[in-house]
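Now for the letters of each chain:
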Amino acid sequence: MMTNQSNSGEGNHNTGTAGEQGNPADRYPSPPFPKQPQEIPGKESDLVPRADHGEKTYRGSGRLTGKKAIITGSDSGIGKAVAIAFAREGADVLISYLADMEDEDAEDTAAYIREAGQQAVLLKGDISREQHCQHIIETAVSEFGTIDILVNNAAFQMSRKTLQDISADEWQKTFAVNIHSMFYLCKAAVPHMRPGSSIINTTSVNAYEPNATLLPYAATKAAIQNFSANLSQILLEQRKGIRVNAVAPGPIWTPLIPSTIPEHEHFGENTPFKRPGQPAEVATAYVFLASDEANYVSGATLPVTGGRITI
Ligand code: NAD
Ligand code: MG
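Since the structure is predicted, the reported quantities are computational estimates derived from the model, not experimental observations. All residue numbers refer to positions counted from 1 along the written sequence of the respective chain. Chain A is the first chain written and ligand 1 is the first ligand written, with later ones labelled in order. The predicted nature of this model means local features are confined to residues of pLDDT at least 70 and side-chain atom pairs, given and counted, to a pLDDT of 80 or more, with totals for whole chains, interfaces and linings taken over all residues. Think of the side-chain values as coming from all heavy atoms in the structure, minus any hydrogens and water.

A. Main features of the overall build of the chain. The numbering of helices and of strands both runs from the N terminus, where a helix is a DSSP run of H or I of at least 4 residues and a strand a run of E of at least 2. A tally of regular secondary structure across the chain gives 7 helices and 7 strands. Counting from the amino terminus, the chain carries its helices and strands in the arrangement β-α-β-α-β-α-β-α-β-α-β-α-α-β. As defined in this context, the radius of gyration uses C-alpha atoms, and a globule is described by 2.2 Å times the residue total to the power 0.38. The C-alpha atoms of the chain give 18 Å as radius of gyration, which agrees with the globular expectation for 311 residues (19 Å, within 12%). Here the C-alpha coordinates of the chain stretch approximately 50 × 50 × 40 Å along the principal axes.

Written out as structure tokens, the structure reads:
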């Protein structure tokens, strides 16, 4: 679990501000943040303040020893924090990401995985293409021999003020990246997953409370939740022994935000915490769902929203 929040903001990565105890709302930076538009898909290394992926704080306890994981979008943001946590719990990780501009972020994630004594495999490419999704699964099988954990985490979004501002291409791209890829990856992965394996899909608080500027994205996030619950039933009823769950983050400080949300200076103000979460604060939910501690949990969505309500 993320313990010992003693990071003080110095160094490359951590921005935490408080001690181990205390009000969780006060542990990390609050808005306003500097205006910092980024080119899509954004770079973690350009974020101001830098995000906390648990680099200095996450301590493993052997909860995923010997497991083999694929995490899409794990060069940066939530996926990066999940990759670091999984590696420190004893898992090897395939890092899937999109663009050349993210090479540095992906190499940085890989360095933390290797520092934890685990294998890191980097694979760049567009998961909206079924062929690339099949390539990801084939690579994981040839490198690792099996797949125990599939985290479908990569996504695309764009803020638009009106319906007319959304092009048909953008609508289709959002669905292709966010939900079609999940079908392609799950379909290709399941034949290689043994009983006891786990699929975890990243949805969003937008599945419950859709933001009016994120129409296509919010619709894909609702679809992901339905897909996850349904696939869970299929795989358990077929006695495949593969659990499927989702995590619904609230606003989290990642490169997705300055690259796609014009008003990012005030990001996270709309939570009871009055601040965005950090990737490290979400990663622990994925560790739980991937581990045997969640043996009886399938078809669920775990909200990590800074107090925003999802009932
Ligand atoms: P991020 O930009 O750090 O991570 C997303 C990653 O997806 C990128 O690094 C990119 O490499 C990858 N990606 C995008 N398009 C791709 C494509 N076509 N092919 C392959 N990879 C592609 O941002 P993040 O905020 O950590 O996002 C991770 C997940 O969390 C997403 O599913 C997002 O919807 C979800 N989420 C984020 C927030 C938030 O506030 N940041 C809130 C709720 C849900
Ligand atoms: Mg990235």
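We are not done yet, so read on.
B. Structural view of the site of ligand 1. As a matter of local geometry, ligand 1 sits amid 30 residues, with D75, S76, N153, Y217 and T254 nearest to it. Pairs of N or O atoms within 3.5 Å make up the polar contacts considered here, provided that, within protein, one atom can donate a hydrogen while the other can accept it, and that residues adjacent in sequence are counted only when both atoms are side-chain atoms. In this structure, an oxygen atom belonging to ligand 1 sits 2.7 Å away from a side-chain N or O atom of D75. S76 is positioned with one of its side-chain polar atoms (N or O) 2.7 Å from an oxygen atom of ligand 1. With residues, only the protein chains shown are counted as cover, and all accessible areas are computed by Shrake-Rupley using a 1.4 Å probe. Protein chains shield 96% of the accessible area of ligand 1, which is 810 Å² for the free molecule. Gly counts as polar in this scheme, as do all residues outside two lists: the nonpolar Ala, Val, Leu, Ile, Met, Phe, Trp, Tyr, Cys and Pro, and the charged Asp, Glu, Lys and Arg. Looking at the shell around ligand 1 residue by residue, the classes come out as 16 nonpolar, 10 polar and 4 charged. Think of it this way: one heavy atom of a residue within 4 Å of a molecule or strand is enough to make that residue near it.

C. Region of interest: unusual backbone geometry. The step from P31 to P32 runs through a cis peptide bond, and the omega angle for that step is 5 degrees. On the secondary structure map, P32 appears in the segment before β1 (68–72). The residue after V48, namely P49, is reached through a cis peptide bond having omega -5 degrees. Here P49 lies in the segment before β1. One non-glycine residue with positive phi stands out, namely R239, at about 55 degrees. Mapping R239 onto the fold places it in the loop between α5 (215–237) and β6 (243–249). Buried, partly exposed and exposed residues are distinguished by accessible area as a fraction of the type maximum, computed with a 1.4 Å probe on protein chains only: under 20%, between the cut-offs, and over 50%, respectively. What makes R239 exposed here is its relative accessible area of 75%. One non-glycine residue with positive phi stands out, namely K274, at about 60 degrees. As for its position among the elements, K274 is in the loop between α6 (256–260) and α7 (279–290).

D. View of the nonpolar core. Ranked by size, the top nonpolar core spans 32 residues in total, and within it F86, I95, V247 and Y286 carry the most contacts. Contacts: residue pairs with any heavy atoms within 4.5 Å of one another. Among residues more than four places away in sequence, those in contact with V247 are I200, N201, T202, T203, S204, V282, A285, Y286, L289, T301, L302 and V304. Core analysis: the second largest hydrophobic core is formed by 29 residues, L123, F175, I224 and I242 among them. Each nonpolar core is a collection of buried residues, namely Ala, Val, Leu, Ile, Met, Phe, Trp, Tyr and Cys, held together in the definition by side-chain atoms within 4.5 Å.

Note that all results are geometric; they support no functional claim without further evidence.
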